[in-house]
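Given next are the chains, with one letter for each unit.
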Amino acid sequence: MQIGFIGTGVMGGGMARCLIEGGFDLVVHDAYPEATASLEAMGAKWGASPRAVAEQCDLTITSLPGPAEVEAVFYQEPDGILAGLKPDHTYLDTSTNSPALARRIAAACRAKGGHFLDAPVSGRPPKMSIMVGGEPEVLERYRPALQAMSRDIFYFGDNGQGMVAKSINQFLMYANIILASEGLLLATKAGLDPELVSQMLSVSGASRFFPKDIFENIVFPRNWERVPAGPGPLDRWVKDVGCAQETALAINAHTPLLTMVQDTLKRAQAQGWGDLVNFAGVRAQEQGAGVELRGKGAQGA
């Protein structure tokens with residue numbers, strides 16, 4: 001089986017390495033050719049364009065920042081994936097993407113006799129989770145490749161459903177941070193030491209839901225520019241939670257907390273904090289509360 005991999009940054013590069021170590025033959029491409037150098041040193045071949053990758057492979061995988069990049073790499077003429085798609089070829093997208101775009105791409109693949117799996121990921125390879133939408137028999141055909149990159153694979157049904165599942169994961173992760181921040185801001189405004197409250201919460205009934213590490217390592221010391229080994233900057237969270245909102249609007253779901261979370265993220269983005277660490281959304285909450293969750297000895301803003 002020959003696999004193409006497009007987008008070999010932090011996440012994509014890790015997944016591609018897992019595939020090579022698992023014995024798969026890879027053709028790789030990235031907008032920045034230097035990003036593929038270590039993979040080529042491991043035996044991967046360079047593909048000059050997304051089209052060239054698809055033409056050489058049975059399965060083409062992408063790991064890209066978001067919907068705009070996925071749409072460009074798939075549809076661009078004359079060198080997109082669609083232009084190189086052969087009958088029975090499968091395109092698999094691991095990006096956090098729009099469910100609506102995933103369904104459009106699936107239809108375009110079917111029109112050429114190909115297949116599409118939306119398979120966004122959470123965590124880091126090789127221990128990440130993959131959420132899949134698409135034809136179950138196509139998933140089974142390529143399950144060995146997915147297993148080489150992940151610990152858990154969840155099948156959710158038709159195309160787009162994997163993207164829906166991932167967007168809900170992202171929404172709930174940030175909702176938890178916003179909920180915890182509001183509690184700590186209330187404590188701070190009431191005169192309590194937020195660091196002491198954090199210590200209490202981490203060993204009390206709320207410990208299962210309280211993201212202690214985020215507050216101790218980022219919020220209290222004001223380490224807003226420190227990007228942890230996990231999600232990308234705040235702008236990407238606005239995109240991810242926006243995908244969940246897209247689903248909610250499409251099915252007329254009542255999601256007031258989702259609306260509040262996205263509003264908080266967008267208020268932080270409007271302050272010019274979009275390129276900071278994703279948890280900088282807490283700063284928008286601090287503005288509203290009129291107090292800061294500042295730890296002892298913190299130097300930053």
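Check the entry above for the structure.
In short, a report on the structure. (Residues numbered from 1 in each chain as written. Predicted model: local features only at pLDDT ≥ 70, side-chain atom pairs only at ≥ 80, totals over all residues. Heavy atoms only, no water.)

Some points on the overall build of the chain
What the chain contains, in helices and strands, is 13 helices and nine strands. On C-alpha atoms alone, the chain measures out to a radius of gyration of 21 Å, which is about the 19 Å that the 2.2 N^0.38 rule sets for 301 residues. Dimensions of the chain along its principal axes, counting C-alpha atoms only, are 65 × 45 × 35 Å. Buried residues in the chain amount to 51% of all 301 residues. If you take every contact in the chain between residues at least 6 apart in sequence, the share linking residues at least 24 apart comes to 65%. (Helix = DSSP H or I, 4+ residues; strand = E, 2+ residues; numbered from the N terminus. Rg over C-alpha atoms; globule rule 2.2 N^0.38 Å. Buried < 20%, exposed > 50% of the residue type's maximum accessible area, 1.4 Å probe, protein only. Contact = heavy atoms within 4.5 Å.)

Observations concerning the pattern of salt bridges
Side chains that differ in charge, positive against negative, can pair when their charged atoms come close. Scanning the entire structure with this criterion turns up 13 salt bridges. Put simply, glutamate 71 and arginine 104 hold a salt bridge, and the shortest N to O gap is 3.9 Å. One end of the pair, glutamate 71, is in helix H4 (residues 67–75); the other, arginine 104, is in helix H6 (residues 99–111), and 33 residues separate them in sequence. Taking the relative accessible area as the measure of exposure, glutamate 71 reaches 35% and is therefore partly exposed. For the salt bridge of glutamate 195 with lysine 296, the shortest nitrogen-to-oxygen distance reads 3.6 Å. Taken together, the residues glutamate 195 in helix H9 (residues 194–201) and lysine 296 in the segment after helix H13 (281–289) connect sequence positions 101 residues apart. Exposure remark for glutamate 195: the relative accessible area of 22% places this residue in the partly exposed category. A single network of salt bridges, built from pairs that share partners, joins Arg222, Glu286, Glu292 and Arg294. (Salt bridge = Lys/Arg side-chain N within 4 Å of Asp/Glu carboxyl O.)

Here's the deal with the side chain of lysine 166
Within the secondary structure layout, lysine 166 lies in helix H8 (residues 161–189). It turns out lysine 166 is buried and unbridged, and the closest side chain with the opposite charge, aspartate 240, is 5.3 Å from it. Setting aside anything within four residues of it in sequence, one finds lysine 166 in contact with Thr96, Pro120, Val121 and Met131. (Lys, Arg positive; Asp, Glu negative; His and termini not counted.)

What is shown is where atoms sit, not what they do.
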